[in-house]
Structure formats: C-alpha cells, structure tokens
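Residue strings, one per chain:
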Amino acid sequence: MQIKELITRYRWHYIYHRWKFFEILLIAVKRRSGYLVLAYYKQNLTTVRRTICTLLITFAMIGSWANTPLQAQELPSDLTKLSLEELMEIEVVSIGVLGGHTHYKGQWMIGYQYMFMRMDKNRNGTDKIDVNDVLQDFMVAPKNMTMEMHMIEFMYAPLDNITLMVMVPFLRLSIDHVNRMGDRFTTESRGIGDITAMALYTFYKKKVHQFFFNAGTSFPIGSVNMKDDTPAGFNQKLPYPMQLGSGTFNLLPGITYVGLTEKWSWGSQASGTIRLGMNSNGYKLGNQLHLTAWCIKKWTNWLAPSVRIDGYWWGNINGADSDLNPAMVPTADPDKRGGKRIDLLFGINLFITKSKLRGQRVLIEGGLPVYQSLNGPQLENDLFLSIGWQWTF
C-alpha cells in the first residue's frame with residue numbers, strides 16, 4: 001500500500017515541482033574579477049528533473065521494502081555502538097562512488113582500485129558516424145581509446161561525523177588513429193594524475209538513514225604537456241584527452257545519502273567538478289555534474305550484488321592550447337569535448353567479516369552506457385570495469 005500511495009498523481013506533481021531548484025544544479029565557473037558566479041543550466045533541464053524524480057521514487061520504494069523486514073531484524077538504531085566485526089557484517093559499499101561511504105572515529109581504510117574504460121567509434125550528438133566522415137573535416141580521425149587507472153586510496157575518521165580521504169591515481173592512456181592517407185598510428189601517455197583530497201561531513205544520521213556533505217579539492221599534479229611521436233613529427237604535443245591532468249585546482253562539492261539495513265544498502269549522490277582558473281597552457285576543462293544512485297542486496301555474509309545508475313554532464317573546454325591545431329584531429333578541438341551520458345552498472349561485493357583477514361573486501365563493477373550525446377565528432381564510451389580491494393581496520 002505504501003508504494004501505491006506514493007506513486008499517485010498528487011505525489012508525482014509535488015515531487016516534480018518541489019525540485020525546480022535543480023535549474024541551478026550545474027554550476028558554471030566564470031573567471032571574472034576573481035569571483036565565482038552561478039549560471040543557469042537551461043539545456044536538457046527536463047532530462048535532469050525526470051532523472052531526479054525517478055531516483056526519488058526508486059528510493060522510496062526501496063525504503064518501503066527495507067522497512068518491512070527491519071522490525072524483525074531489529075537493527076540497532078545507533079550503529080556507533082557496534083564492533084568493527086558487527087559493522088562489517090552489515091555494511092556494504094559501492095566501489096564506483098567517489099566518497100560514497102564514511103567511517104567511525106579511529107577507523108582507517110586503505111585500498112587499491114583498477115579501472116578500465118574502452119571507447120570505440122565516433123559519435124556526434126546521439127548519432128554514430130563513420131571514420132571516413134570524420135576525415136572529411138579533419139586530417140586525422142581517432143578510432144578507439146583505452147584508459148587504465150591504478151588508484152591508491154586512504155581514509156581516516158578523526159571523528160564519528162568526519163572522514164578524510166586521499167586518492168592518488170596512475171594513468172595509462174592510448175588512442176589508435178588513422179589519417180587521410182590510410183596510415184594508422186597509436187599515441188600513448190602514462191604517469192601520475194591529479195591527486196584528490198576530500199572531507200566527508202555527516203550532518204544527519206538516524207536509524208537507517210545518513211546524509212553527508214562531500215568537500216574535496218583536486219591538485220594539478222598530472223602533466224598537461226605529454227608528448228609522443230606521430231606522423232607529423234617526433235615528440236609532438238598530444239591532444240586534450242591524452243593529458244594526465246587538468247592543470248588547474250578543482251573544487252569537488254557534493255551531497256550523499258546512504259540507507260542501510262541488515263540485508264540492504266542503497267543511496268544516491270549529487271556531485272560536481274568546478275574548475276578554478278586557467279592552466280599554464282591557457283585553457284581549463286569543462287565543469288561537470290554527476291548524479292548516481294545504487295542499491296546493494298546482501299545475499300550471504302560474504303556476498304552482495306549491486307546495481308547502479310550514473311548520469312554525467314560535462315562542458316566543452318574553455319580557452320585553447322596554442323600548441324594544438326583544432327583542424328588536425330577532433331580531440332584537439334576544445335569545442336568538441338562536452339556531452340552527457342547515462343550508464344548502467346552491475347557489481348559484486350566480496351567481504352571477510354571474521355578471521356585474521358576481517359575488514360577486507362574485494363569489489364568488482366562493470367557496465368555499459370545506455371544513453372550518450374556528445375559534442376562530436378567524439379569517441380563514444382563502450383565499456384567500464386572496476387576492480388578494487390579495501391581493508392578497514
């Protein structure tokens with residue numbers, strides 16, 4: 001009855017108009033007199049609203065299902081009184097969510113994550129385009145790209161409501177190209193990326209529900225001057241997607257909701273990336289908005305499958321690197337870097353709650369895009385895979 005009462009015309013009408021303030025969810029940073037200003041996100045506003053409304057209804061339904069067995073499970077209302085072993089027996093997390101979980105006072109976590117992404121074929125808007133069509137406008141066309149990232153992460157909770165985290169990525173990027181003469185070549189870059197530091201502040205925690213703010217900063221450690229040999233010559237500057245970092249300090253604000261019962265975990269997160277100023281090469285990457293929601297079902301005391309939906313919106317590059325020729329290849333055109341995408345991902349959590357290895361997890365998640373519209377021609381995403389290990393102590 002709760003679900004039927006929720007999904008009525010009145011509730012849909014209320015939720016839709018209640019969330020009109022998401023017109024300004026996408027924050028654009030404009031460098032003018034040193035101030036940050038808000039710009040309205042008008043384009044695709046209907047899509048954003050509908051996505052948020054769908055997530056709200058989904059979580060309401062999950063909450064209804066989770067509350068039914070909750071009385072029988074008698075989950076403690078104050079989880080801080082549980083031991084580490086007891087917490088590990090009920091806590092499940094999503095590996096693909098940046099800053100998606102917190103820890104209790106005195107807890108440490110170290111982790112490693114491997115991420116793989118494959119991009120194949122070009123797209124303009126929602127339409128796929130042939131490489132020969134790309135070569136009509138550019139001297140060189142990208143055919144496919146792979147991204148591999150090895151990330152080391154550390155988390156520590158000095159207080160019950162504050163968790164600190166640091167992430168250090170190592171990247172390997174590769175793009176296969178073809179030019180008008182039919183010559184094929186590959187460019188590669190590898191090295192350390194931008195380092196991220198973040199604080200998670202819990203401002204509400206009651207029974208099975210928790211809300212916390214994400215406040216992070218990325219530091220411009222990754223290079224924006226990577227070079228490689230191409231048919232145009234030796235040691236040539238590589239286009240924007242092949243650079244290891246942004247070259248700018250970036251703000252990473254967000255808000256996260258997590259629900260937890262003995263058998264279920266669910267949540268959602270809204271986060272953004274705000275670029276501060278131009279980098280040393282005269283440009284800055286586009287701002288980003290990220291919405292994600294997940295649900296995890298604990299089948300046994302060591303296995304929990306998960307499902308997650310991701311939504312990304314990102315802008316074109318502002319400014320341009322004077323060393324790059326935008327007429328040469330689409331990846332060197334700053335006006336062809338924006339887009340939006342929705343991904344569907346499935347995962348498995350494997351965790352150890354007893355023995356000397358308790359507190360350790362192995363997390364696997366993979367998925368595919370279900371919708372993408374790109375300011376192309378631009379390589380489309382085809383496959384995502386993450387494998388991670390975490391140890392909480």
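Scroll up to find the structure.
Keep in mind it's a predicted model, so treat the numbers as computed, not measured.

Trainee: I'd like a description of the nonpolar core, backed by residues and values.
Mentor: Ranked by internal contacts, the top residues of the largest apolar core, which has 31 residues, are Met145, Met147, Met165, Leu173, Leu200 and Met242. When residues of this core are traced back to their parent elements, those giving at least two are strand S1 (108–125), strand S3 (140–159), strand S4 (162–179), strand S6 (195–206), strand S10 (249–260), strand S13 (288–297), strand S16 (339–352) and strand S17 (360–392). When near neighbours in sequence (up to four residues on either side) are disregarded, Leu200 contacts Gly99, His101, Thr102, Met155, Asn161, Ile162, Thr163, Met165, Phe212, Phe213 and Asn214. Of all hydrophobic cores here, the second largest spans 9 residues; its members include Tyr240, Tyr283, Leu324 and Val329.

Trainee: Please set out a nonpolar patch on the surface residue by residue, giving values where relevant.
Mentor: Taken together, the side chains of Tyr112, Ile152, Phe154, Val166, Phe170, Ile192, Phe219, Ile221, Phe249, Leu251 and Leu276 present a nonpolar region at the surface, about 850 Å² in accessible area. If you list the elements that add at least two residues to the nonpolar patch, you get S3, S4 and S10. Looking at the secondary structure, you find Ile221 in the loop between strand S7 (209–219) and strand S8 (227–230). Taking the relative accessible area as the measure of exposure, Ile221 reaches 44% and is therefore partly exposed.

Trainee: I'd like a rundown of the pattern of salt bridges, residues and numbers included.
Mentor: In this structure the tally under the stated criterion is 11 salt bridges. Note that Asp120 is salt-bridged to Lys121, the shortest N-O span being 3.5 Å. A relative accessible area of 22% places Asp120 in the partly exposed class. The class of Lys121 is partly exposed, set by a relative accessible area of 46%. The partner of Arg190 in a salt bridge is Glu188, with the nearest N and O atoms 3.4 Å apart. Here the residues in one salt-bridge network are Glu148, Arg172, Glu188 and Arg190, joined through shared partners.

What counts, and where the lines are drawn
Residues numbered from 1 in each chain as written. Predicted model: local features only at pLDDT ≥ 70, side-chain atom pairs only at ≥ 80, totals over all residues. Heavy atoms only, no water. Core = buried A, V, L, I, M, F, W, Y, C linked by side-chain atoms within 4.5 Å. Buried < 20%, exposed > 50% of the residue type's maximum accessible area, 1.4 Å probe, protein only. Helix = DSSP H or I, 4+ residues; strand = E, 2+ residues; numbered from the N terminus. Contact = heavy atoms within 4.5 Å. Patch = residues over 30% accessible without salt bridge, like charges linked within 9 Å, V, L, I, M, F, W, Y side chains within 5 Å. Areas by Shrake-Rupley, 256 points an atom, 1.4 Å probe, with all protein chains shown as cover. Salt bridge = Lys/Arg side-chain N within 4 Å of Asp/Glu carboxyl O.

No statement about biological role is implied by the geometric values presented.
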